[in-house]
Every structure is written in C-alpha cells, then in structure tokens.
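The chain contents come next:
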Amino acid sequence: MLCHGESLLSSLTALMALALALSRSPALACLLPAGLYLALHLLTLEPAAPQSAQRVLRPRGAAARIAHRGGAHDAPENTLAAIRQAAKNGATGVELDLEFSADGVPILMHDDTVERTTDGAGRLQDLTFEEIRKLNPSAKHRLRSQFPDEKVPTLREAVVESMHHNLTIYFDVKGHASQAVDALKQLYQEFPQLYNSSIVCSFMPDVVYKMRQADRNVVTALTHRPWHLSHLGDGTPRFSSFWKHFLYMVMDVILDWSLHSFLWRLCGVSAFLIQKNFVSHKKTQKDDVAEGDTLLFLDMMLMDYVRHWSSRGIRVVAWTVNTFAEKNYYESVLDCSYITDSLLEDCDPHY
C-alpha cells in the first residue's frame, strides 16, 4: 500500500503535468489543479482545538491504553461489564462501536447482525431495541459464565458508565452518518465534559466530515486499515467475483492515497487510527541477524510514520496491539497510544 505522500502540492503538480500532456493546453493544465486546490481550501474544516485534542489523546500526559470494544478478550465486547473490567485492568479509555436498532435507538454493537456475539439471530435493521435488549451479549464469549446478566447497552448507558470510571471514549461509528451525528451531537450537548474526554472515529470520511460540520468542538479521527474495502479484517476477500475484488482493490489504493494526501486535512482530524501492520510488525524474541536488520528497518519506518504525523499536529493511535512486547515498544520507544483487545494477557486480534 501507499505510505504518506510528500505533499498535496506534489499531487497537484502531477495532475497539472497530466492535464498538459492530455490536453496540450497550458491554460487548462493550470486551471484544473488550481480549481481543485481552491475547492479543497474552501471546504477544509479546521481541527478541534489542540488543547482539547491533547486532553483526549493523552489523557494522563502519556501514551493511552484503549480497550478495544471495551476489551473484547477480557469481557464480552461492547457491554457495561467490559467498560468496568477495562477500568479495573488499567485502561485509560475504551473504544465503543455505535450502531442502531430498527427503531433508531443508538446501541453498542460491532456487527450489523447479532449472531457472532449474542444468542440471537438477525440484522440490526430488522430488530427493535426491545428485541435486542432480550439478547445475551455474553453468550459467545469465552468467559460467559462470569457475566451472566449482561444486556446490549444503549449508547447513553455506555457513556455514563465510561464517565463514571473516568475513561476516555473512542466512538467508532460504523455507518449511518447523519443518524450517528445527530445521536452524538445530543450526547455532547447533554454531557459537555465529553468534549475533553472523547473522540469520534470512523473508516468513512463522510462520517467524520459531517461530525466536524455539526460541532466544530468535537475531536475526530480517521480510521484506516490496508485493503479495508476489498478484504475482511482477517484477510479474507470480501467478494468472490474476481473483477469486483480487483475493482475494490483499486479503490483501496485510491482511498489510501486520498487519506494520506488530503482527506485528513479536509476532515479536520486530530488523529489517525492506523491498523498496526500498516507500518509495523509483530515483535519477536528471535536473535537472527538478518531478521534483526529487517526489524530495525521496520522500526525506523514506524518511527518515521509517527514523526511525520506528529509534525503536522496529528497523533497516531495503533490498533490492535495485543502482546506485552508490542505494548512496551509503543509506550516506551514510540510514546504512541494504542488500542488493545486485552489489558491482562497476550491474545489474538478480535475481528
């Protein structure tokens, strides 16, 4: 995948050269990139105040430890029990997934169906909140016997629980941009302390852009994983059709370039939530010399990536960092916040 480009200017210069080659018109070659630059300038949103972003992204003046879905390995994901367990285990914040029931109630759920995590079946868009509330979100968890009475919580219940434990909240918006923005805006109005203790994140730039339009004081971040459009989290292709798969891989490359070239500025984000394998690797204990040289090179790439964004006022938050060796590296060497599935032990990623 593409790493960060030199600058938007180099991209516009390339566009001007291409326009000149195709049109043979110097005037058109100049007007096209100039028009795009002007449009981007007019549409660009300013990021939240640096002081607010600092309080959210480094709540205790150091790299933050964020429990992914509340810490999906340590407790049933996206539940109040997970939030309480994350606080007990030493997390500084929780990442929570926002979805909606059929009757428009904002709830915590990662998938758009309930089969993976509950004892029910069906799509969220077909289930009312009353029906979802009857499901057991602990049913498929490895520690389900320790959490017998959990219910799928509303977004508001999760916010209240998180604030009770002084946890920073990473709202991961899965979709429904306008609906999600309206729900979050109401929460920020009801709980103004969220401006200094939460961040709105999404893979979809339109969600982040609309959130910044609705409330310029909300801290926001873009989330990114290589090949997100064409592959699932475990690397499985999303589509069986070769041509559809190929088309979405091309779109992945374009999205990757866009995010790192101009979308971050256009959306006015304060952070990038980057899947760790984008520029990182699994730390190992091997002493092989050749491998050591490779690891050193990758370390330099990762440091360069973090410094690149830091110089632009953007914090990098890595996910999901699930081994103690990795966590120590991010905290002590990179001074970089991370999202993890467990605060207690090494574990495989939860997709």
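Residues numbered from 1 in each chain as written. Predicted model: local features only at pLDDT ≥ 70, side-chain atom pairs only at ≥ 80, totals over all residues. Heavy atoms only, no water.

1. Looking at the pairing of strand S7 (residues 271-275)
Extensive coverage of S7 is indicated by the burial of five of its five residues. Relative to S7, strand S6 (residues 220-224) runs parallel, the two being bridged by four bridges. The residue bridging Leu222 from the neighbouring strand is Phe272, located in S7. Across five bridges, S7 lies against strand S8 (residues 315-319) in parallel orientation. Residue Leu273 lies in a different strand from S8, and its bridge partner there is Val317. (Buried < 20%, exposed > 50% of the residue type's maximum accessible area, 1.4 Å probe, protein only. Helix = DSSP H or I, 4+ residues; strand = E, 2+ residues; numbered from the N terminus. Pairing = 2+ DSSP bridges.)

2. Here we look at unusual backbone geometry
Residue Thr320 is bonded to the preceding Trp319 through a cis peptide linkage, with omega at -20 degrees. When you line up the elements, Thr320 lands in the loop between S8 and helix H11 (324-333). One non-glycine residue with positive phi stands out, namely Asn78, at about 55 degrees. Even without being a glycine, His176 presents a positive backbone phi close to 50 degrees. Within the secondary structure, His176 is located in the loop between strand S4 (168-173) and helix H7 (177-190).

3. Topic: the confidence of the model for the protein chain
Per-residue pLDDT for the protein chain has a mean of 88; in total, 83% of the residues score no lower than 70. In the predicted structure, residues 1-6 sits below a pLDDT of 50 and forms 19 contacts with residues beyond four places in sequence or in another chain. (pLDDT = per-residue confidence, 0-100. Contact = heavy atoms within 4.5 Å.)

4. Comments concerning the packing of aromatic side chains
Tallied over the full model, the rule gives 12 aromatic pairs. Relative to Trp319, the ring of Phe203 lies with its centre 6.0 Å away and its plane at 90 degrees, an arrangement referred to as edge-to-face. You can see Phe203 sitting in the loop between strand S5 (198-202) and helix H8 (205-214) and its partner Trp319 sitting in strand S8, a full 116 residues away along the chain. Across the pair, exposure class does not vary: Phe203 and Trp319 are buried alike. Grouping aromatic residues by their ring pairs yields a cluster made of Trp264, Phe272, Tyr305 and Trp309. The ring of Phe324 carries Lys327 above its face, with NZ or CZ at 5.2 Å from the centroid. (Phe/Tyr/Trp six-rings, centres within 6.5 Å; stacked < 30°, edge-to-face > 60°. Lys NZ or Arg CZ within 6 Å of the ring centre and 35° of its normal.)

5. With respect to the environment of Asn196
Inspection of the secondary structure puts Asn196 in the loop between H7 and S5. Spatially, the C-alpha atoms of Asn196 and Asn217 are 9.3 Å apart, while their sequence positions differ by 21 residues. The residues contacting Asn196, other than those within four sequence positions of it, are Ser52, Arg55 and Val56.

6. Concerning the packing of helix H6 (residues 155-164) against H7
The interhelical angle for the contact between H6 and H7, taken along N-to-C directions, is 40 degrees, at an axis separation of 11 Å. Classified by chirality, the crossing of H7 by H6 is right-handed. Side by side, H6 and H7 meet where Leu155, Arg156 and Val159 of the first sit next to Leu184, Leu187 and Glu190 of the second. Among the residues making up the contact of H6 with H7, the classes are represented as four nonpolar, no polar and two charged. (Axes fitted to C-alpha atoms, helices over the stretch in contact; angles between N-to-C directions. Left-handed = near helix turned anticlockwise from the far one by under 90°. Nonpolar A, V, L, I, M, F, W, Y, C, P; charged D, E, K, R; others polar.)

7. Side note on the nonpolar core
Nonpolar side chains in soluble globular proteins generally cluster together in the buried interior. In this structure, Leu155, Val159, Phe171, Leu184, Tyr188 and Val200 are the most contacted members of the largest nonpolar core, which totals 32 residues. Every element with two or more residues in this core is listed here: helix H4 (80-88), strand S2 (93-100), H6, S4, H7 and H8. When residues of this core are assigned to their parent elements, the largest contribution, seven residues, is made by H7. Residues within four places of Val159 in sequence aside, it is in contact with Ile169, Phe171, Leu187, Phe191 and Leu194. Counting residues in each nonpolar core, the second largest holds 29 residues, with Leu222, Leu259, Phe272 and Phe278 among its members. (Core = buried A, V, L, I, M, F, W, Y, C linked by side-chain atoms within 4.5 Å.)

8. So, the pairing of S2
Here is the key point about a regular strand: its side chains alternate between the two faces of the sheet. With eight of eight residues buried, S2 is to be regarded as a mostly interior element. Every second residue of S2 is oriented toward a common face, with Gly93, Glu95, Asp97 and Glu99 on one face and Val94, Leu96, Leu98 and Phe100 on the other, all of them buried. Direction of pairing for strand S1 (residues 65-68) relative to S2: parallel, over a ladder of three bridges. Paired with Ala67 across the two strands is Val94, which belongs to S2. Here six bridges tie S2 to S4, and the two strands are oriented parallel to one another. Within S4, the residue paired with Val94 across the bridge is Ile169. Pairing geometry for S2 and strand S3 (residues 106-108), over three bridges, is antiparallel. Directly across from Leu98, in S3, lies its bridge partner Leu108. Hairpin remark: S2 followed by S3, antiparallel, with five residues in the connecting loop; positive phi at Gly104, about 85 degrees.

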